Amino acid sequence: ETLSGRGYRFIAPVDVAGGIATWTTFLRETASPELSIEVIDTARRYIVLGSRSPIRRVLFGGRDAIMRTVQTLRRVRRDPKPHVVYLMCAPSLGFWIRDLPIIVLLGWMGVPTVAHLHGGDVTGFFGSPGPLRWLNTKALGRASAVICITKQVESTARSIFGTRIVSYIPNMLPHRYLSQAVVFDRPHGRRPMVLHVAWQAPKKGTLEVLRVAARIPEADFVLVGAVPPDAQPKIDRTMTEIGHPENVTFAGPVFDPELSGLYARADVFLLPS
């Protein structure tokens, strides 16, 4: 009853593949119908514009982050103000020039914020000891709550902020996936299939998956997901090192129902990020 007439603002990507977008969708689907939820989409669509130039990506990303910050402040100034603004954060350019300023500015405006830290890299979020860590911790300290998806990030966050605002919530899958799980015997003569679904980049374990594939030629390895432009040279070098094995397929982005079909046919799922 206390939330009627007001609601939440989500600052998060939607309608793209990935863990943060999955969280956003799950929260929207499971929220009480009495709640008003509005999402400001932060999907990094600029990253697939075809440019391999780091300078152009920084410019596109900076422009996008500033636009989302202004958009958020405009919406928050409307009446009624939201009860809470919920930011899905990942170690990236947007974290420093969008998420942290939003947390500070909304704190000054009296609007509670939740910072949900998606990522397992402590240094990525807080920086190495020095000015960057000081800046990040000062800004995150203004949040009403900090949610961590790994115990390592939680431990560091609690050592900085204490236990009052820090919570650990590991990533999950919607319960409906359990009812879709299948048990099957591989058809006679079909090669084993190993599936990896993620952004195809070093930090997601792609290079390790490729090296494993080279050692197990009797299995087919299918890698699903977009390859960021800055990761392509590293993947190309690794493929050259391992001799371009024929059992590796880069499938690119795949969405349901095709993705569910790949999960159903796979013998092994790898997620070494």
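Above this text is the structure in question.
Residues numbered from 1 in each chain as written. Predicted model: local features only at pLDDT ≥ 70, side-chain atom pairs only at ≥ 80, totals over all residues. Heavy atoms only, no water.

Side note on a nonpolar patch on the surface
Okay, step 1: Residues Val58, Leu93, Trp96, Ile97, Leu132, Trp134 and Leu135 make up a contiguous nonpolar surface patch of about 620 Å² in total accessible area.
Okay, step 2: Secondary structure elements with two or more residues in the nonpolar patch: helix H3 (93–109) and helix H5 (131–140).
Okay, step 3: Among the secondary structure elements, Trp96 is positioned in helix H3.
Okay, step 4: With a relative accessible area of 31%, Trp96 lands in the partly exposed category. (Patch = residues over 30% accessible without salt bridge, like charges linked within 9 Å, V, L, I, M, F, W, Y side chains within 5 Å. Areas by Shrake-Rupley, 256 points an atom, 1.4 Å probe, with all protein chains shown as cover. Salt bridge = Lys/Arg side-chain N within 4 Å of Asp/Glu carboxyl O. Helix = DSSP H or I, 4+ residues; strand = E, 2+ residues; numbered from the N terminus. Buried < 20%, exposed > 50% of the residue type's maximum accessible area, 1.4 Å probe, protein only.)

Quick look at the side chain of Thr72
Okay, step 1: Mapping Thr72 onto the fold places it in helix H2 (residues 54–76).
Okay, step 2: Reaching out from Thr72, the side chain makes a polar contact with the backbone oxygen of Arg68 at a distance of 2.8 Å.
Okay, step 3: The residues touching Thr72, leaving out its near neighbours within four places in the chain, are Ile11, Ile40 and Ile102. (Polar contact = N/O pair within 3.5 Å; in protein donor to acceptor, adjacent residues only side chain to side chain. Contact = heavy atoms within 4.5 Å.)

A word on the nonpolar core
Okay, step 1: Ranked by internal contacts, the top residues of the largest apolar core, which has 28 residues, are Leu117, Phe126 and Leu140.
Okay, step 2: Looking at this core, the elements that each hand over two or more residues are strand E3 (84–89), H3, strand E4 (113–117), helix H4 (122–126), H5, strand E5 (145–148) and helix H6 (151–161).
Okay, step 3: For this core, the element with the highest residue contribution is H3, accounting for six residues.
Okay, step 4: Once residues within four sequence positions are removed from consideration, Phe126 is found in contact with Leu117, Leu132, Arg133, Asn136, Thr137, Leu140, Val153, Thr156, Ala157, Ile160 and Phe161.
Okay, step 5: If you look at the next biggest cluster of nonpolar residues, it comprises 12 residues, including Phe10, Ala12, Val14 and Met88. (Core = buried A, V, L, I, M, F, W, Y, C linked by side-chain atoms within 4.5 Å.)

Regarding the sheet that holds strand E10 (residues 268–270)
Okay, step 1: Spatially, E9-E8-E7-E10 is the arrangement adopted by the four strands of the open sheet, whose pairing is parallel. Edge positions in the open sheet fall to strand E9 (248–252) and E10, since each of these has one partner strand only. Averaged over all pairs of adjacent strands, the angle between their axes in this sheet comes to 25 degrees, without regard to strand direction.
Okay, step 2: For strand E7 (residues 193–197) and strand E8 (residues 220–224), the ladder comprises five bridges, and the chain directions are parallel. Each residue of the ladder has a partner; that of Val197, found in E8, is Val224. (Pairing = 2+ DSSP bridges. Axes fitted to C-alpha atoms, helices over the stretch in contact; angles between N-to-C directions.)

Examining the packing of aromatic side chains
Okay, step 1: Enumeration according to the criterion identifies four aromatic pairs in this entry.
Okay, step 2: Ring centres 5.5 Å apart and planes at 80 degrees place the aromatic pair Phe95 and Phe125 in the edge-to-face group. Here the residue Phe95 occupies a position in helix H3, and Phe125 occupies one in helix H4, the gap between them amounting to 30 residues. The pair Phe95 / Phe125 is uniform in exposure class, with both members buried.
Okay, step 3: When the ring of Phe126 is compared with that of Phe161, the centres are 6.3 Å apart and the planes differ by 50 degrees; the resulting orientation is tilted. Separated by 35 residues along the polypeptide, Phe126 in helix H4 and Phe161 in helix H6 bring together distant segments of the chain. (Phe/Tyr/Trp six-rings, centres within 6.5 Å; stacked < 30°, edge-to-face > 60°.)

A short note on the pairing of E3
Strand residues, when the strand is regular, have side chains that alternate between the two faces of the sheet.
Okay, step 1: Most of E3 sits inside the fold, with six of its six residues counted as buried.
Okay, step 2: Along E3, one buried face is formed by Val84, Tyr86 and Met88 and the opposite face, lined by Val85, Leu87 and Cys89, is buried too.
Okay, step 3: Across five bridges, the pairing between E3 and E4 is parallel. Within the sheet, the bridge partner assigned to Tyr86 lies in E4 and is Val114.
Okay, step 4: As a crossover connection, the stretch from E3 through H3 into E4 is right-handed. (Right-handed = clockwise from strand over helix to strand, strands pointing away.)

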